[in-house]
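Architecture at a glance
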Amino acid sequence: MVFLIVSIFPKLFVIELLFFIMGKILGIIGGGQLGMMLTEAANNMPTEISNIIVLDPTKNCPASKVGAEQIVADFKNASAIKELADKCDIITYEIESGDSQVLKSLEQTCEINPSPETLEIIQDKLIQKKFLTKNDIPVAEFREITSKEELESKINEFGLPVLLKTRTGAYDGRGNFKISDLDQIPEALEVFEGQSLMIEKFVDFKMEVSVIASRSTSGEIKTYPLVENIHKDNILNMTIAPARVNKIISKNAEKIAHKTMEVLCGAGVFGIEMFVTNDSQVLINEIAPRVHNSGHHTLQSSETSQFEQHLRAILGLELGSTELIHNTIMYNILGPRDFTGLYKSPSIDLENTFLKMYGKLESKPQRKIGHINLVDKDDLGMDQLLERVNIVSNSIKIIPE
Ligand code: ATP
Ligand code: MG
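Calculation rules
- Along each chain, residues carry numbers from 1 onward, in the same order as the chain's sequence is written.
- Each chain takes a letter, starting from A, and each ligand takes a number, starting from 1, following the order in which they are written.
- Where totals are concerned, whole chains, interfaces and linings use all residues; where local detail is concerned, this predicted model gives features only for residues with pLDDT of at least 70, and gives and counts side-chain atom pairs only at 80 or more.
- Only hydrogens and water are set aside; all other atoms, that is, all heavy atoms of the structure, feed into the side-chain values.
- If DSSP finds at least two bridges between two strands, the strands pair.
- Secondary structure elements follow DSSP: runs of H or I no shorter than four residues count as helices, runs of E no shorter than two count as strands, and numbering proceeds from the N terminus.
- To get an axis, a line is fitted to the C-alpha atoms, and for a helix only the part in contact is used. The angle between two axes follows their N-to-C directions and goes from 0 to 180 degrees.
- In what follows, residue pairs with any heavy atoms lying within 4.5 Å of each other are defined as contacts.
- A single heavy atom is enough: if one lies within 4 Å of a molecule or strand, its residue is considered near that molecule or strand.
- In the analysis that follows, any N or O atom pair within 3.5 Å is treated as a polar contact, provided that within protein one partner can donate a hydrogen and the other can accept it, and provided that, for residues neighboring in sequence, both atoms belong to side chains.
- Computed with a 1.4 Å probe, the accessible areas rest on the Shrake-Rupley method; for each residue, only the protein chains presented here act as cover.
- Under the scheme applied here, ten amino acids are nonpolar (Ala, Val, Leu, Ile, Met, Phe, Trp, Tyr, Cys and Pro), four are charged (Asp, Glu, Lys and Arg), and all others, including Gly, are polar.
- Residue exposure (1.4 Å probe, protein chains only): buried if accessible area is under 20% of the type maximum, exposed if over 50%, otherwise partly exposed.
- Arc, as used here, means the arc of the directions from the helix axis to the C-beta atoms.
- Water is not part of the atom set, so a site may look incomplete; the donors themselves are N, O and S atoms within 2.8 Å of the metal, or 3.2 Å for Na, K and Ca.
- Each nonpolar core is a collection of buried residues, namely Ala, Val, Leu, Ile, Met, Phe, Trp, Tyr and Cys, held together in the definition by side-chain atoms within 4.5 Å.
- The labels follow the angle: roughly parallel below 35 degrees, roughly antiparallel above 145, roughly perpendicular from 65 to 115, and oblique for the rest.
- Domain boundaries shown here were taken from an automatic or database domain assignment.
- The rule for a salt bridge is simple: a side-chain nitrogen of Lys or Arg has to be within 4 Å of a carboxyl oxygen of Asp or Glu.

Pairing geometry for strand β10 (residues 205–215) and strand β12 (residues 227–232), over three bridges, is antiparallel. Bridge assignment links E208 to a residue of β12, and that residue is N229. Following β12, the chain reverses through two residues before pairing antiparallel with strand β13 (residues 235–241); D233 in that reversal takes a positive phi of roughly 50°.

It is worth spelling out the sheet that holds strand β8 (residues 176–179) at this point. Strand order in the open sheet formed by four strands is β6-β9-β7-β8, with antiparallel pairing between adjacent strands. The open sheet has two edge strands with one neighbour each: β6 (142–145) and β8. Direction aside, neighbouring strands of the sheet carry axes that sit 25° apart on average. Where strand β7 (residues 162–166) and strand β9 (residues 197–201) come together, five bridges link them in antiparallel fashion. Across the sheet, the residue bridging to T166 is L197, located in β9. Across the face of the sheet, helix α7 (residues 125–134) comes into contact with β6, β7, β8 and β9 while running at roughly 145° to β6. Sitting on the sheet, helix α8 (residues 148–158) is in contact with β6, β7, β8 and β9, with an inclination near 165° to β6.

All right, on to the site of ligand 1 then. Ligand 1 sits among 21 residues. The nearest are K125, G173, V203, E208 and E286. Here a nitrogen atom of ligand 1 sits 2.8 Å away from a polar atom, N or O, in the side chain of E200. Here an oxygen atom of ligand 1 and a side-chain polar atom of E273 are 3.3 Å apart. For ligand 1, whose free accessible area comes to 600 Å², the fraction covered by protein is 89%. Broken down by secondary-structure element, the contributors of at least two residues to the shell around ligand 1 are β7, β9, β10, β14 (268–277) and β15 (282–288). For the shell around ligand 1, the residue count by class is seven nonpolar, five polar and nine charged.

Further remarks concern helix α4 (residues 78–87). Residues A80, I81, L84 and A85 constitute the buried set of α4. What you see down the axis of α4 is that its buried residues fit within an arc of 145°, all on one side. The exposed set on the far side of α4, more than 90 degrees from its buried face, consists of S79 and D86. Buried positions along α4 lie against β1 (24–29), β2 (49–56), β3 (69–72), β4 (90–93) and α5 (100–105).

Six octahedral donors around a metal ideally make angles of 90 or 180 degrees; four tetrahedral donors ideally make 109.5 degrees. Of the protein atoms, only E273 (OE) and E286 (OE) coordinate the magnesium ion (ligand 2), at distances of 2.1 Å. Here E273 is found in strand β14, whereas its partner E286 is found in strand β15, with 13 residues between them in sequence. The class of E286 is partly exposed, set by a relative accessible area of 23%.

Turning our attention to the sheet that holds β4. Spatially, five strands are ordered β3-β2-β1-β4-β5 in an open sheet, and the strand pairing comes out parallel. Of all strands in the sheet, those bounded by a partner on one side alone are β3 and β5 (111–112). Note that β1 and β4 share four bridges and pair parallel. Pairing of G27 across the sheet is with I91, part of β4. The strands that helix α3 (residues 33–43) touches are β1 and β2; relative to β2, the one it contacts most, it runs at about 170°.

As a rule of thumb, soluble globular proteins bury nonpolar side chains together. Grouped together as the largest cluster of nonpolar side chains are 29 residues, with contacts concentrated most on I272, M274, I284 and I287. Elements with a contribution of two residues or more to this core: α6 (116–123), α7, β10, α10 (247–264), β14 and β15. No other element matches the six residues that α10 contributes to this core. Apart from residues lying up to four places away in sequence, I284 is in contact with K129, L132, I137, P138, V139, I256, T260, I272, E273 and M274. Listed in part, the 25 residues of the second largest apolar core include I52, V54, V269 and I314.

At their nearest, the axes of α6 and α7 sit 5 Å apart, and the two run at 105° to each other. Taken together, the axis directions place α6 and α7 in an arrangement best described as roughly perpendicular. Together, I121, I122 and Q123 of α6 and K125, I127, Q128 and F131 of α7 make up the contact between the two elements. Class assignment of the residues belonging to the contact of α6 with α7 gives a composition of four nonpolar, two polar and one charged.

Position of I248 among the secondary structure elements: in helix α10. Taking the C-alpha atoms as reference points, I248 and I95, 153 residues apart in sequence, are found 32 Å from one another.

Next up on the list: the domain arrangement of the protein chain. For the protein chain, the assigned domains are domain 1 (2–112), domain 2 (141–201) and domain 3 (205–395). Placing the centre of domain 1 and that of domain 3 at their C-alpha centroids yields a distance of 25 Å. On the domain 3 side, the residues contacting the 22 residues of domain 1 number 22 residues. At the junction of domain 1 with domain 3, the criterion picks out two salt bridges. With a closest N to O distance of 2.9 Å, E40 and K356 form a salt bridge. Where domain 1 packs against domain 3, one counts five residue pairs in polar contact (both at pLDDT 80 or more). For the side of domain 1 that touches domain 3, the secondary structure elements donating two or more residues are β1, α3 and β4. Looking at the side of domain 1 that touches domain 3 residue by residue, the class counts come to 13 nonpolar, two polar and seven charged.

Encoded structure:
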């Protein structure tokens, strides 16, 4: 049969036709909890996706436990990324630290979304901020820093406090140093010795918020409603959907997110982190070129989860509805500070309360090992839902096995 078709139609057309009939093989750089939930969404799209392969350094990573094949290697390992490209029809990521130069060289072999060019802009916070400013998208004032003298002169210009930031590779606030006093300058520079740096004016924000935005390969753009993010020790503690701000602010934030997606031209879901300032301005803090922790509520609050939306976007399918059907609070479950090792997986049996554990073998201090979505199906209101979160989170104890 295939022989017959090949003899009638050009080879490329036949390959595309076979992909269409058999579904594509999806490659994901990173197989942690985000890769796991992408794999679960892909498992529900067997017509479009026939197989999932993840690249992750940890054997038996969360994605592999829900059916993904795994290449065990570092995210930046060039030959492992090439192997992934050889085996897959389309590559995406759940982390932003993949090697964008290697990915660029593979674009002829394999479809990659978001594109390595978009990834490159986002990977360097200075380039990202310059890109946003050039496109009239509001951010806190910033400057590149290449010497102590430059830092002193910019602090003079901006006033204290400022945030000294590493341009690349930061997570959980580890690349940030708040300078509130000139005496702290030597210490700040020592902490980040050898790294490329920038400074930002310190934003006196009243709330941290984010928009999960998506853009498909066909250019269609959709944003989920604005959500509110509460951090503890620089790690996301909970997300409140929708954010407790007035409509003018939420519409403005969603408009800014929409414009960002227009100028970025990337395909996929992006997490756009923002500040709402005390005078109600909205500024972008940073963009994640991937599904985002603050979008986990969509698993229960919305018709289309951010994970399905990401797959729809990179496959060029029509994007799903982003309407928030139920107000929801997402609470992150972190490993306790007092032990590292095997742990008893908790359970919850409560109405409208959805526990998702990530299947990580070991608990480590402050490691994200699961989350809970509390869904307000009975229209209790946000205050009551927050009370419930308090009760539920206190009842979850992660203890050694
Ligand atoms: P993540 O915490 O999302 O992994 P990260 O380590 O790259 O990211 P940022 O998001 O840039 O760091 O900053 C971490 C936190 O620091 C922010 O959530 C915010 O609370 C605070 N922060 C960052 N930039 C500023 C700023 N210019 N002014 C005030 N606070 C800031
Ligand atoms: Mg951040």
